[in-house]
Amino acid sequence: MNTVSGADRERAVELVQQAYADGRLDPGELERRLELALTATSARELAPIVADLPDEVVRLGSTGGAVTRTGDWEVPRRLCVDSKYGRVRLDLSRAHVPYARVDIELLLAYGSATIVLPAGATANADGVRSEWGRVTCKVPGRPRPGHPHVQVTGDLPYGRLLIRPARR
């Protein structure tokens, strides 16, 4: 039997809650699916609970160039950025962030990344692994009600990551 990891269960609960917030589930269906997700003992039991819920990942990549998103852009729920030698700049300060939580996965071999957050937003970069690089987070790490929270994960063997608030 394939047991359910805490991360898989948490992800299923988030998808169900997001579907309710988006108006795709009514309160009764929310309650039913949450109960099933929290009591599932195998991946086989968990899969049908979220099978009809969107969980798309937007993937951006570059070998040596820059990956930049600034201004008025739609921030996806899940974003994966793969850049071997380039620079990554994700400025969410004027972007449309329709989700309470945004997951960003960074795969930076030698490059650097800067994530700029809007006022009041929080971020957690505890899931970022770095060997010779550096990870700096200049915003609070715990989610705040009513403000976006960015969960950053990934590998930066020689890369650098800076998460900071927007300048006023």
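Residues numbered from 1 in each chain as written. Predicted model: local features only at pLDDT ≥ 70, side-chain atom pairs only at ≥ 80, totals over all residues. Heavy atoms only, no water.

### Re the overall build of the chain
Move 1: If you tally the helices and strands in the chain, you get three helices and ten strands.
Move 2: Going from N to C terminus, the chain has its helices and strands arranged as α-α-α-β-β-β-β-β-β-β-β-β-β.
Move 3: Its C-alpha radius of gyration of 17 Å places the chain within 12% of the 15 Å reference for a compact globule of 168 residues.
Move 4: C-alpha atoms of the chain, sized along the principal axes, occupy 45 × 40 × 25 Å.
Move 5: Residue pairs at least 24 apart in sequence account for 65% of intrachain contacts in the chain once pairs closer than 6 positions are excluded.
Move 6: Here the chain has roughly 9,600 Å² of accessible surface; of this, 49% comes from carbon and sulfur atoms.
Move 7: Mean positive and mean negative side-chain charge positions of the chain (24 and 21 charges, respectively) differ by 10 Å. (Helix = DSSP H or I, 4+ residues; strand = E, 2+ residues; numbered from the N terminus. Rg over C-alpha atoms; globule rule 2.2 N^0.38 Å. Contact = heavy atoms within 4.5 Å. Areas by Shrake-Rupley, 256 points an atom, 1.4 Å probe, with all protein chains shown as cover. Lys, Arg positive; Asp, Glu negative; His and termini not counted. Charge placed at Lys NZ, Arg CZ, Asp CG, Glu CD.)

### What to know about the sheet that holds strand β7 (residues 122-130)
Move 1: Across the sheet, five strands lie side by side as β1-β3-β5-β9-β7; this open sheet has parallel pairing. Two strands bound the open sheet, and with one partner strand each, they are β1 (58-62) and β7. Between one strand axis and the next, the sheet turns by 15° as a mean value, whatever way the strands run.
Move 2: Of the strand pairs in this sheet, β7 and strand β9 (residues 149-156) are connected by seven bridges, and their pairing is parallel. Bridge pairing in β9 links T122 to H149. (Pairing = 2+ DSSP bridges. Axes fitted to C-alpha atoms, helices over the stretch in contact; angles between N-to-C directions.)

### A closer look at helix α1 (residues 6-21)
Move 1: Helix length check: α1 (16 residues) gives 22 Å between terminal C-alpha atoms against 22 Å at 1.5 Å per residue, within 8%.
Move 2: Within α1, burial applies to R11, A12, V13, E14, L15, V16, Q18 and A19.
Move 3: For α1, the secondary structure elements touched by its buried residues are α2 (27-39), α3 (43-50), β3 (78-83) and β5 (101-108).
Move 4: G23, located one to two residues past α1, shows a positive phi value of around 85°. (Expected span 1.5 Å × (residues − 1). Buried < 20%, exposed > 50% of the residue type's maximum accessible area, 1.4 Å probe, protein only.)

### Remarks on the pairing of strand β4 (residues 87-91)
Move 1: Relative to β4, strand β2 (residues 67-69) runs parallel, the two being bridged by three bridges. Bridging from a neighbouring strand, R69 pairs with L90 of β4.
Move 2: Across five bridges, the pairing between β4 and strand β6 (residues 112-117) is parallel. Bridge pairing links D91 to V116 in β6.

### Some remarks on the side chain of R11
Move 1: By secondary structure assignment, the location of R11 is in helix α1.
Move 2: A polar side-chain atom of R11 sits 3.1 Å from a polar atom in the side chain of E14.
Move 3: Non-local contacts of R11, meaning those with residues more than four positions away in its chain, are made with D55, R77, R78 and D103. (Polar contact = N/O pair within 3.5 Å; in protein donor to acceptor, adjacent residues only side chain to side chain.)

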